[in-house]
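One-letter residues, chain by chain:
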Protein chains: 2
Amino acid sequence: MDTYKFLLDLALILLSTKVLGLVSRKFFMPQVVGALLAGLILGPGVLDVISQTDFINKTAEVGVIVLMYCAGMETDVQELKKSGKASVVIALMGVIIPLAGGYAVAMFFNRPGLIETNAACSVFLQNIFIGVILTATSVSITVEALKELGKLKTRAGNAILGAAVIDDILGIIALTVITSLADSSVKVWVVLLKIAGFFVAVIAAGFLFYQFFTRWSRKSEKGMRRHVIVSFVFCLLMAYMAEDFFGVADITGAYLAGVIISLTIKKDYIMSRFDTLSYLYLSPIFFASIGIKAALPKMSYAVVVFSVILTIVAILTKMAGCGLGAKLCRYDNDQALQIGVGMISRGEVALIVANKGEALGLMDQYLMGPIVIVVIITTIIAPILLKPVFRKG
Amino acid sequence: MDTYKFLLDLALILLSTKVLGLVSRKFFMPQVVGALLAGLILGPGVLDVISQTDFINKTAEVGVIVLMYCAGMETDVQELKKSGKASVVIALMGVIIPLAGGYAVAMFFNRPGLIETNAACSVFLQNIFIGVILTATSVSITVEALKELGKLKTRAGNAILGAAVIDDILGIIALTVITSLADSSVKVWVVLLKIAGFFVAVIAAGFLFYQFFTRWSRKSEKGMRRHVIVSFVFCLLMAYMAEDFFGVADITGAYLAGVIISLTIKKDYIMSRFDTLSYLYLSPIFFASIGIKAALPKMSYAVVVFSVILTIVAILTKMAGCGLGAKLCRYDNDQALQIGVGMISRGEVALIVANKGEALGLMDQYLMGPIVIVVIITTIIAPILLKPVFRKG
C-alpha cells in the first residue's frame with residue numbers, strides 16, 4: 001500500500017536526523033549539521049529512499065514558519081539596547097561586505113560556459129541574491145558554541161549576541177526587498193509601498209494583537225493551551241498575510257509575530273510548547289527536506305569550484321566585515337578577531353533564505369548544493385575556530 | 001498565490017476547533033464536540049472554505065496515530081487488574097449487544113430503495129462494520145465527565161474505568177478482524193494467521209524495544225528529546241508495519257506501541273511531549289478533517305431516519321449491555337444504571353474506526369454523517385445524564 005509509505009518516510013527522517021545530529025554533537029558541532037546530512041543521504045543524491053512530496057514540502061514550510069517564529073520569540077530587545085551602537089556597526093559591516101563578496105563571486109560565475117542558471121529572475125537579482133544568502137548569521141549556533149565555552153558573558157560575547165540579533169533583522173529586510181523585486185511585473189515604487197504597507201499592517205496588527213492578548217491571557221496566571229493555540233493562529237495569519245497581501249516572505253511575517261509574542265508575559269510558556277512541536281515533528285522534516293532538495297552529486301566541475309570559492313568568501317568576508325566593525329568601535333585586536341570568528345556560522349537562516357529564493361525563481365535548484373556546503377562548512381568551522389581565539393583572548 | 005492557502009486553512013482550523021471546543025465546554029460538553037462542529041462548518045457542508053487536500057489528509061492520519069499512541073500510553077494495566085473480572089464482563093456485554101444492535105439496524109436499512117451503499121465490501125461486512133463502530137466507548141470523555149462530578153473513585157467509577165479500557169482493546173481487536181476481512185481476496189485462515197503473526201511481531205518488537213529503550217534511557221535521569229523522538233519512531237514503524245506487513249490497522253500498531261511505552265520509566269515525560277504535539281497541531285487537524293469529510297447536508301430522507309434510529313440504538317444497547325454486565329457481577333440497580341450511562345459516549349475512537357472503514361471501502365462516505373451524529377449526540381447526552389444518575393446513587 002503506497003499510501004502508507006509516508007509513515008515510513010517520517011520514521012526515517014526523525015531517526016536519521018536525530019542520530020546524525022547526535023553524532024555531530026559528539027564532534028562538537030551543532031546538531032543541525034547532522035540533520036542536513038541526513039536529508040542529503042536519504043534524498044535522491046545518495047540512497048534515494050525519500051523524494052519530495054506535497055506533504056513533506058508543506059510540512060517543511062510550516063516547519064520554517066515555526067522556526068522563524070521561535071527565532072522571533074528569542075529576540076531579546078533588552079540585550080539589543082545594551083550592546084547598542086557597537087552591535088549595529090558590527091552587524092552592518094558584517095552584512096555589507098559578505099553581500100558584496102557574494103555578489104562578486106556570483107557575477108564571475110553566473111555566465112554562459114560556467115554556471116548557466118535557469119532561474120526566472122534577472123541575472124542582477126540572481127547575483128545579489130547569492131550575496132543576500134551570505135549575510136545571514138545563525139544566532140543559535142553562535143550562542144550555543146559560546147555557551148559551551150563559557151564565554152557568552154564576555155564583552156566580545158555580548159557584542160556578538162547583539163550583532164547577531166541585528167544581523168538577523170537586516171537579513172530579513174534584505175530578503176524582503178529582494179523577494180519583492182523578484183516579481184518583475186511590479187514597479188519598484190509599488191514594491192517599496194507594499195513593504196511600507198506591510199510594516200504598517202504589522203505594527204497595527206501587532207499592536208491590536210498585543211493589547212488583546214495581554215488583557216486576555218492575564219486572566220489566568222498560568223499558561224494555557226488556548227494561549228498557545230491563539231498565538232499560533234496569529235503567527236500563521238501573519239505569515240499568510242505577508243505572502244498573500246504584501247508579497248513579502250511568509251517567514252518575515254512569522255518572525256515579526258514572534259517578536260510581538262516575545263513582549264508578552266506568556267512568552268516563556270508559549271516558546272516551550274513551540275519548541276516541542278518544532279523538535280519533535282516540524283524541524284526534522286524541514287532540515288531533511290533541504291537535504292533532500294540539495295542533490296549534491298549532480299554538481300558540475302564549475303559548480304564545485306563555485307562552492308569552494310563561495311565558502312572561502314563566506315568565511316573571509318564575515319570575519320573581515322565584523323572584525324572591521326569591531327575595530328571601528330574601539331574593540332582591541334583579540335576581541336575583533338573573536339567577534340569576527342563568532343559571526344562566521346551560517347545556519348538555518350541561510351538555508352531558509354536559499355529555500356525561499358529557489359521557490360521564487362531567484363536561484364536555480366542546483367545551487368542549493370553549494371549553499372548547503374557553505375552552511376555545513378561555516379557551521380563546522382565556527383565552533384572549531386572559536387576555541388583557540390577565545391583561549392588566546 | 002494558491003500555494004500559501006494551506007497556511008490560512010491551518011489558522012482557520014486551529015482557531016475554530018479551539019473556539020468551538022471552549023464553547024462546548026461552557027455547555028459542559030467535551031471539547032471534541034466543538035472540534036467536530038468546526039470541521040462541519042468549515043467543510044463543504046456549510047461554509048465550504050476548506051476542502052480535503054493530501055496535506056490535510058496525511059497530517060490527519062499522523063494525528064490519529066499520535067492520538068491512539070497517547071491512548072495506549074494512558075492505558076493503566078494496574079487499574080485493569082484491580083477492577084478485574086467485573087470490568088471484563090461489563091465490557092464484553094457492552095460490546096456484544098451494541099454490535100448486534102448496530103448490525104440489526106444496518107441490515108434493515110442497507111437494501112435497495114433505502115440506503116444503497118457503493119462501498120466495495122460485501123453487504124454482510126458493511127452491516128457488521130456499523131455494529132463495530134457502535135462498540136467503541138471513549139475513555140477520555142467518560143473519565144473527564146466523572147472527574148468533573150468527583151465520582152471517579154466510586155465503585156461504579158472504577159468499574160467504568162476498567163471496562164472502558166477493555167472496551168478499547170476489544171474494539172481494536174474487532175476493528176482489526178474486520179479490517180483484515182475487508183480484503184476479499186484473502187482467505188479467512190490467512191487473515192487469522194496474519195493477525196496471529198501481527199501479535200507475535202508486536203510482542204517480539206515490543207520486548208526488544210522495551211529492553212533497549214529501558215537500558216538506554218536509564219543512562220540519563222531526566223527525560224531527553226532523543227527519548228521522545230526514538231519513541232515516536234517506534235510508534236510510526238509499528239503503525240507502518242501493521243498496515244504494510246500484516247494488513248492490520250495502523251492505529252492498532254500505534255496503540256500497542258503506546259502500551260509498551262506506558263511500561264517504561266520515561267512514560268510521563270514522553271506523554272507530556274506528545275500531548276503538546278497533539279493539541280497544538282495534529283489533533284485539531286484530525287478532528288476538523290472528520291467534519292470536513294462528513295458532508296451532512298447531502299443526507300437523504302432515509303439517511304436521516306437511519307441516523308436517528310442508529311443514535312437511539314447506540315444509546316440503548318450500550319446502556320443495556322453494560323448495565324446487564326454490571327448486574328451479572330452483583331452491582332446494585334443504581335450502580336448498574338450509572339455504569340450503563342457512563343459507557344454511552346462514543347468519542348474519537350468511533351470516528352477513527354469509521355474513518356478507517358471508509359478508507360477501506362467498508363463504509364460509504366455519506367454514512368459518515370450518521371456516525372458524526374451518533375458521536376455528537378452520545379457525547380452530549382452522556383455527561384448530561386451522568387449528573388442525575390450519580391446524584392441519585
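S.K.: Give a detailed account of the packing of helix α1 (residues 5-26) of chain A against helix α2 (residues 31-42) of chain A, specifying residues and quantitative values.
M.R.: Residue and element names in this part refer to chain A. At their nearest, the axes of α1 and α2 sit 7 Å apart, and the two run at 135° to each other. What the angle tells us is that α1 and α2 run oblique. Crossing of α1 against α2: the hand is right-handed. Of the residues in α2, those touching α1 at Leu-12, Ile-13, Ser-16, Thr-17, Lys-18, Leu-20, Gly-21, Leu-22, Ser-24 and Arg-25 are Gln-31, Val-33, Gly-34, Ala-35, Leu-37, Ala-38, Ile-41 and Leu-42. Split by residue class, the contact of α1 with α2 holds 10 nonpolar, 6 polar and 2 charged.

S.K.: Break down the interface of chain B and chain A for me, citing the residues and quoting the values.
M.R.: Counting from both sides, the interface comprises 45 residues of chain B and, opposite them, 45 residues of chain A. A salt bridge links Arg-225 of chain B to Asp-275 of chain A; the nearest nitrogen and oxygen atoms lie 2.6 Å apart. Run the count over chain B and chain A and you get 6 residue pairs in polar contact (both at pLDDT 80 or more). When contributions to the side of chain B that touches chain A are tallied by element, the ones reaching two or more residues are α1 (5-26), α3 (54-74), α9 (225-246) and α11 (267-294) of chain B. In terms of residues, the side of chain B that touches chain A owes the most to one element, α9 of chain B, which gives 12 residues. Taken together, the residues that form the side of chain B that touches chain A break down as 28 nonpolar, 3 polar and 14 charged.

S.K.: So, the relation of the copies chain B and chain A: which residues are in play, and what are the values?
M.R.: Between the two copies of the chain lies a rotation about an axis combined with a shift along it. Taken as rigid bodies, chain B and chain A are interconverted by a rotation of 180° and an axial shift of 0.0 Å, the fit giving an RMSD of 0.1 Å. Those values place the two copies in the arrangement expected of a two-fold rotation axis. When the interface residues of chain B are mapped onto chain A, 100% of them again fall at the interface, so both copies present the same face.

S.K.: Let's hear about a nonpolar patch on the surface: which residues, and what values?
M.R.: Residue and element names in this part refer to chain A. The grouping of Leu-12, Leu-37, Ile-41, Val-46, Leu-47 and Val-49 at the surface amounts to a nonpolar patch, some 470 Å² of accessible area in total. Relative to the elements of secondary structure, Leu-47 occurs in the loop between α2 and α3 (54-74). Given the relative accessible area of 52%, Leu-47 is considered exposed.

S.K.: Describe the packing of aromatic side chains, naming the residues involved and giving the relevant values.
M.R.: Within this structure, the stated rule accounts for 32 aromatic pairs over all chains. Arranged with centres 5.4 Å apart and planes meeting at 80°, the rings of Phe-108 of chain A and Phe-109 of chain A form a pair that is edge-to-face. Put simply, the rings of Phe-209, Phe-212, Phe-213, Trp-216 and Phe-234 of chain A pair up and form one aromatic cluster. Here Lys-58 of chain A stacks its cationic end above the ring of Phe-6 of chain B, 5.4 Å away from the centre of that ring.

S.K.: Lay out unusual backbone geometry with the relevant residues and their values.
M.R.: If you check the backbone angles, Arg-330 of chain A has positive phi at about 65° while not being a glycine. For Arg-330 of chain A, the location among the structural elements is in the loop between α12 (301-328) and α13 (333-342). A positive phi is found at Asp-48 of chain B, a non-glycine position, where the angle reads about 60°. Note on placement: Asp-48 of chain B falls in the loop between α2 (31-42) and α3. The partly exposed category is assigned to Asp-48 of chain B, whose relative accessible area is 49%.

S.K.: Go over the environment of Ala-350 of chain A with me, naming the residues and quoting the values.
M.R.: Residue and element names in this part refer to chain A. Structurally, Ala-350 is set in helix α14 (residues 348-360). Of the residues examined, Ala-350 reaches a relative accessible area of 2% and is grouped as buried. In this structure the C-alpha to C-alpha distance between Ala-350 and Val-132, which are 218 residues apart in sequence, comes to 8.7 Å.

S.K.: Any details on the nonpolar core? Residues and values, ideally.
M.R.: By size, the foremost hydrophobic cluster in this structure holds 212 residues, and its most contacted members are Phe-232, Phe-274 and Tyr-281 of chain A together with Phe-232, Phe-274 and Tyr-281 of chain B. Counting residues in hydrophobic clusters, the runner-up holds 24 residues, among them Ala-163, Ile-339, Ile-344 and Ala-382 of chain B.

S.K.: Describe in detail the environment of Thr-276 of chain B, supporting the description with residues and values.
M.R.: Inspection of the secondary structure puts Thr-276 of chain B in helix α11. For the pair Thr-276 of chain B and Leu-40 of chain B, spaced 236 residues apart in sequence, the C-alpha separation works out to 24 Å. Those residues in contact with Thr-276 of chain B that sit more than four places away from it in its chain are Arg-273 and Thr-276 of chain A.

S.K.: With reference to specific residues and values, describe the environment of Gly-291 of chain A.
M.R.: Residues and elements named next belong to chain A. Note on placement: Gly-291 falls in helix α11 (residues 267-294). Accessibility expressed as a relative area gives 2% for Gly-291, which makes it buried. For the pair Gly-291 and Met-368, spaced 77 residues apart in sequence, the C-alpha separation works out to 8.8 Å. Excluding anything up to four places from it in sequence, Gly-291 contacts Leu-36, Gly-39 and Leu-40.

Reading the values: rules and limits
Chains are numbered independently. Their residues run from 1 in the order of the written sequence. Written order decides the labels, with chains lettered from A and ligands numbered from 1. With pLDDT at 70 or above as the cut-off, local features in this predicted model cover only qualifying residues; side-chain atom pairs require 80 or more to be listed or tallied, and sums for whole chains, interfaces and linings still use all residues. Side-chain calculation: all heavy atoms of the structure are included, whereas hydrogens and water are not. For helices, the fitted axis covers only the stretch in contact; all axes are lines through C-alpha atoms, and the angles between them, taken along N-to-C directions, range from 0 to 180 degrees. The way it works is that DSSP assigns letters per residue, a run of H or I at least four long becomes a helix, a run of E at least two long becomes a strand, and they are numbered from the N terminus. Any angle between 65 and 115 degrees counts as roughly perpendicular, while under 35 counts as roughly parallel, over 145 as roughly antiparallel, and the rest as oblique. Should the near helix be turned counterclockwise from the far one by less than a right angle, the crossing is left-handed, whereas a clockwise turn marks it as right-handed. By definition, residues are in contact when any of their heavy atoms lie within 4.5 Å. Each residue receives one of three labels: charged for Asp, Glu, Lys and Arg, nonpolar for Ala, Val, Leu, Ile, Met, Phe, Trp, Tyr, Cys and Pro, and polar for the others, Gly being one of them. Any Lys or Arg side-chain nitrogen located within 4 Å of an Asp or Glu carboxyl oxygen qualifies as a salt bridge. Pairing of N or O atoms within 3.5 Å defines a polar contact, subject to two protein rules: one partner must be a possible hydrogen donor and the other a possible acceptor, and residues neighboring in sequence count only if both atoms are side-chain atoms. Our superposition of the copies is a least-squares fit, built on the C-alpha atoms of residues whose pLDDT is at least 70 in both. Each patch groups residues whose relative accessible area exceeds 30% and which form no salt bridge, using 9 Å between like charges and 5 Å between nonpolar side chains of Val, Leu, Ile, Met, Phe, Trp and Tyr. To measure how exposed things are, a 1.4 Å probe is used in the Shrake-Rupley method; for residues, cover is taken only from the protein chains shown. When accessible area is computed with a 1.4 Å probe and restricted to protein chains, residues below 20% of their type maximum are described as buried, those above 50% as exposed, and intermediate ones as partly exposed. When two rings of Phe, Tyr or Trp (its six-membered ring) have centres within 6.5 Å they constitute a pair, described as stacked for plane angles under 30 degrees, edge-to-face for angles over 60, and tilted for the intermediate range. Criterion for a charge above a ring: Arg CZ or Lys NZ at most 6 Å from the ring centre, at most 35 degrees from the ring normal. To form a nonpolar core, buried Ala, Val, Leu, Ile, Met, Phe, Trp, Tyr and Cys residues must be joined to one another through side-chain atoms within 4.5 Å.

The analysis is restricted to geometry; functional conclusions fall outside its scope.
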